[in-house]
Amino acid sequence: MSLGWYVNRLRNMSPGEVAHRVVEKRRKLSSKGRHESWARFAQQNDDIPRIPGLNEVVLQASPAVREALDRTCSALLDGRFSALGVEWPKRPADALFPVEVWRLDPVSGLSWPGADAYCFDIAYRHETRLGDVKYVWEFNRLQFLQPLAAKLALDDDADARRAIEAAIESWHRAHPPFRGLVWNSGIELALRAISLLVVCSICGSHLSPDTIRRIREILAAHAFWLTRFPSRFSSANNHLIAEAAGEYLIGIAMPDLVGADTMAAKARKTLETEIEKQILPDGVPAEQSPTYGAFSIEFALLAALAARNLGEPFGPVFETRLIAFANWLAATSSNGTAPAFCDDDEGRVIAMCEPEPRYPASIANAAMAYLGTPSPVSPAEPHLRDAIFGEAAEGDARTASGLTTFPDGGYSVLDGARFKLVMDHGPLGYLSIAAHGHADALSVLLSIDGEPVLVDPGTYLYHSGGAWRDWFRSTRAHNTLTIAGADQSVMSGAFNWSHKAKARLVEASDTALLAEHDGYAKRLAATHRRHVRVTEDGLRIEDEVSGKPQPVELVFQFAPGLDILVDGATATIWKVGTPIVVFTLPDAHFDIAIGEDRFDGGWVSPSFGAKAPAPRLSWRGLSDRPLATKIHLVEKPVSRA
């Protein structure tokens, strides 16, 4: 790990966190050579560890869910697996889990260290040759076992049973505690533990005693590691929720473990406290990301379901946060698809090993089903979690017009008869490092007739992204204004910021928004203020920069599949041969780029690991006057009978 990484991280640490990191480092060193054997975690009890109630509900899966399970399991049993935009090499159906598969990076084709290396000796954050650590972690979450478990429970499928038992035997053999890449991140341990608990809960009675014994050993080792190395201080974001969910579920599923009751009670308290912190009162995730908010809720929701089945439901604040999140998601989404604010690594708790573009909607619906409340969010794709949490009744379609503001999270929505505009005037992210935030203050998203027009560029990659990682979270990648080419907030690592812009909503009404941020105040003696007004034929966006005139860039990132025709200072946006909206810029000094070989060449990331060409309009000039952009909605053609 580089000295620069430590220096930048230390800048955001309190004295308490520094002390915690010293103790944590000492524990990591002392565990090396002492805790690295399955014998330490041998189990005397052969009870099947179960999350209460899961088997019964999965056996009642709907035909649509069963069809999705059949499709997924057919691919998995044929040796096919894909995730994060990548296909793993196909494996023979009779040898699905060779030991080497757990270390394979499917992009580089190289293998990461395994049992030959102590987990904390592997410097994965700055590895460039082997590939992105996320791919190996993804496969080792064992989430592909979940649909196979459902298939086994529903159909007594012998191929599914053999695959599950082969995977667990191979994983157990390849990963003695605490050797290899798979043991060095608490959230990965939590996800893997939950996957195994879901498997046992759904189909444990179909599995051999040896398989159950191996699962119990794995879970016992995971519980030990999770409680020994908790995420705290600047790391206490969604990782802390994940770890607490893993600890709680292991604790209630294996009550014979030493300290299980204490671990479960502490973890439950952490879950309820952290959901209250990380899902704000207005429903906005504190990390500013719809997908990370959904991810955190899914962890807590599975734990809450288990607690309710034990007759110990979570408290009322948890329920109000679920409802608030669903309402925020409904307000900011277009046709049920959440905006791509901030980071998204496509993490899931209940998984089907298929693309899930409407994951936040699925979680919102699961939460409303858990509450027995109609959902304000339209249904998502059929999924295993529909069987586990139930399917929410459809609520009334959102018919809001005018203004909806989310003051805690910092978003405002202007709804018109044909358009929806979402403005970001919230914080950069959560906690001192704002790990998953993007420098997107005062950025706007626009949909017309339910279809996306101005979009957020997305995430693309994490550890292996390099300069592309920085680009996709930079100010110039978003629908806002950049001064002197500088980011509003200053990056100091792939998941760290040394300077954070503060944005605020100044005024708001049903027809106008006024917001500003101070990201350039200290460095450039300038404040960016943005005024959005509803006009008779559309919208007007006016950007104003205080202080002396400086070079600025005004960016509008359009959705893939749109075309642009330029005429002087106007740009007409077309979709499938039909004009839908006209942008009139301050003057004709702007450029259009679509999929060109440079960072600002017109790119969006529709999913993790993927880039897609999309039109990017960039106006450059001086901030010597208010910069007005007029957005005229083209009238829809009248259909004739």
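Residues numbered from 1 in each chain as written. Predicted model: local features only at pLDDT ≥ 70, side-chain atom pairs only at ≥ 80, totals over all residues. Heavy atoms only, no water.

Apart from glycine, the bulk of residues carry a negative phi angle, and the bulk of peptide bonds sit in the trans form. Across the junction of P177 and F178, the peptide omega takes the value -10°, indicating a cis bond. For F178, the position within the fold is in the loop between α7 (158–174) and α8 (186–203). Its identity as a non-glycine residue notwithstanding, L431 has a phi of 65°, on the positive side. Relative to the elements of secondary structure, L431 occurs in the loop between β5 (419–424) and β6 (444–448). A positive phi angle is found at A525, which is not glycine, with a value near 50°. Secondary-structure assignment places A525 in the loop between α17 (521–524) and β13 (528–535). (Helix = DSSP H or I, 4+ residues; strand = E, 2+ residues; numbered from the N terminus.)

Judged by pairing direction, the sheet is antiparallel, and its five strands sit side by side in the order β3-β4-β5-β6-β7 without closing on themselves. Each edge of the open sheet is held by one strand with a lone partner, namely β3 (402–406) and β7 (451–454). Across this sheet, the average inter-strand angle for adjacent strands is 20°, counted without regard to direction. Note: β5 against β6, five bridges, orientation antiparallel. Paired with L421 across the strands is L446, a residue of β6. (Pairing = 2+ DSSP bridges. Axes fitted to C-alpha atoms, helices over the stretch in contact; angles between N-to-C directions.)

What follows covers the pattern of salt bridges. In the structure shown here, the tally under the stated rule is 40 salt bridges. E169 is paired through a salt bridge with R173; the nearest N and O atoms lie 2.9 Å apart. Pair noted here: E169 and R173 are both in helix α7, with a separation of four residues, about one helical turn. Across the salt bridge formed by R620 and D591, the nearest N and O atoms sit 3.5 Å from each other. Note that R620 is positioned in strand β22 (residues 616–622) and D591 in strand β19 (residues 590–593), a separation of 29 residues in sequence. Overall, R620 belongs to the partly exposed group, its relative accessible area being 38%. Of the residues examined, D591 reaches a relative accessible area of 45% and is grouped as partly exposed. In the salt-bridge network here, residues are joined through shared partners; they are R476, E553, D591, E596, R598, D600, R616 and R620. (Salt bridge = Lys/Arg side-chain N within 4 Å of Asp/Glu carboxyl O. Buried < 20%, exposed > 50% of the residue type's maximum accessible area, 1.4 Å probe, protein only.)

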